[in-house]
Amino acid sequence: MATLHIERTLHASADKVWDALRDFGALHTKTAPGFILDTVVEGDVRTVTFNGGLVLRERLIAIDDEHRRIVYSILADTFEHHSASNTVVPEGEDRCRFIWVVDFLPDGPKDRIAAMMNAGIDAIKASMERGPAA
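Residues numbered from 1 in each chain as written. Predicted model: local features only at pLDDT ≥ 70, side-chain atom pairs only at ≥ 80, totals over all residues. Heavy atoms only, no water.

Asks: I'd like a description of the environment of leucine 54, backed by residues and values.
Replies: One can find leucine 54 in the loop between strand E3 (45-50) and strand E4 (55-64). Apart from the residues within four sequence positions on either side, leucine 54 is in contact with Val48, Thr49 and Met116. (Helix = DSSP H or I, 4+ residues; strand = E, 2+ residues; numbered from the N terminus. Contact = heavy atoms within 4.5 Å.)

Asks: Before we move on, can you summarise the side chain of histidine 82 with the specific residues and values?
Replies: Here histidine 82 shows up in strand E6 (residues 81-90). At 3.0 Å, the side chain of histidine 82 forms a polar contact with the backbone nitrogen of isoleucine 74. Apart from the residues within four sequence positions on either side, histidine 82 is in contact with Tyr72, Ser73, Ile74, Val102, Asp103 and Phe104. (Polar contact = N/O pair within 3.5 Å; in protein donor to acceptor, adjacent residues only side chain to side chain.)

Asks: Residue-level account of the pattern of salt bridges, with values.
Replies: Evaluated as defined, the whole model comprises 10 salt bridges. Across the salt bridge formed by aspartate 44 and arginine 59, the nearest N and O atoms sit 3.0 Å from each other. With a gap of 15 residues between them, aspartate 44 in the loop between strand E2 (36-42) and E3 and arginine 59 in strand E4 connect regions that are remote in the sequence. In the salt-bridge network here, residues are joined through shared partners; they are Asp19, Asp23 and Lys30. (Salt bridge = Lys/Arg side-chain N within 4 Å of Asp/Glu carboxyl O.)

Asks: Explain the nonpolar core to me, using residue names and the numbers behind them.
Replies: If you look at the biggest cluster of nonpolar residues, it comprises 36 residues, and the most contacted ones within it are Val17, Val88, Phe98 and Trp100. Counting only elements with at least two residues in this core, the list comes to strand E1 (2-10), helix H1 (14-21), E3, strand E5 (69-74), E6, strand E7 (96-105) and helix H3 (110-128). Ranked by the residues each element gives to this core, the list is headed by H3, at seven residues. Not counting residues up to four positions away in its chain, the partners in contact with tryptophan 100 are Leu4, His5, Ile6, Tyr72, Ala84, Ser85, Asn86, Met117, Gly120 and Ile121. (Core = buried A, V, L, I, M, F, W, Y, C linked by side-chain atoms within 4.5 Å. Buried < 20%, exposed > 50% of the residue type's maximum accessible area, 1.4 Å probe, protein only.)

Asks: I'd like a rundown of H1, residues and numbers included.
Replies: Of all the eight residues making up H1, six are buried; the element is thus mostly covered by neighbouring parts of the structure. Of all the positions in H1, only Ala14, Lys16, Val17, Trp18, Ala20 and Leu21 are classed as buried.

What follows is the structure, given as structure tokens:
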């Protein structure tokens, strides 16, 4: 099993970042606009369209407001197993740490997934650091 763990410091309040992230259907408007073109939610599954044309279905596993953590799983035949979590950790009034951990089998596409995660977290950082912190 492969595990990828990526962290970034965001110059935005943890409340602002968590407000965007916990809105499961707002990836394309609040969290990572431009990187994510569309998000459609049906029940606990969202269909996500990325700017390169890739479309993935993701099942919501948990939203933990107390720990500012969301967990989801990609629903695709390419994975025997997939689990991802995003956590927002306050580091001051207008700064937080964004932590993204993904576990998956098989581990063959590790480099491709790491590249997408880095592009995604860069888009999140850019989006969250724009405008006034909430």
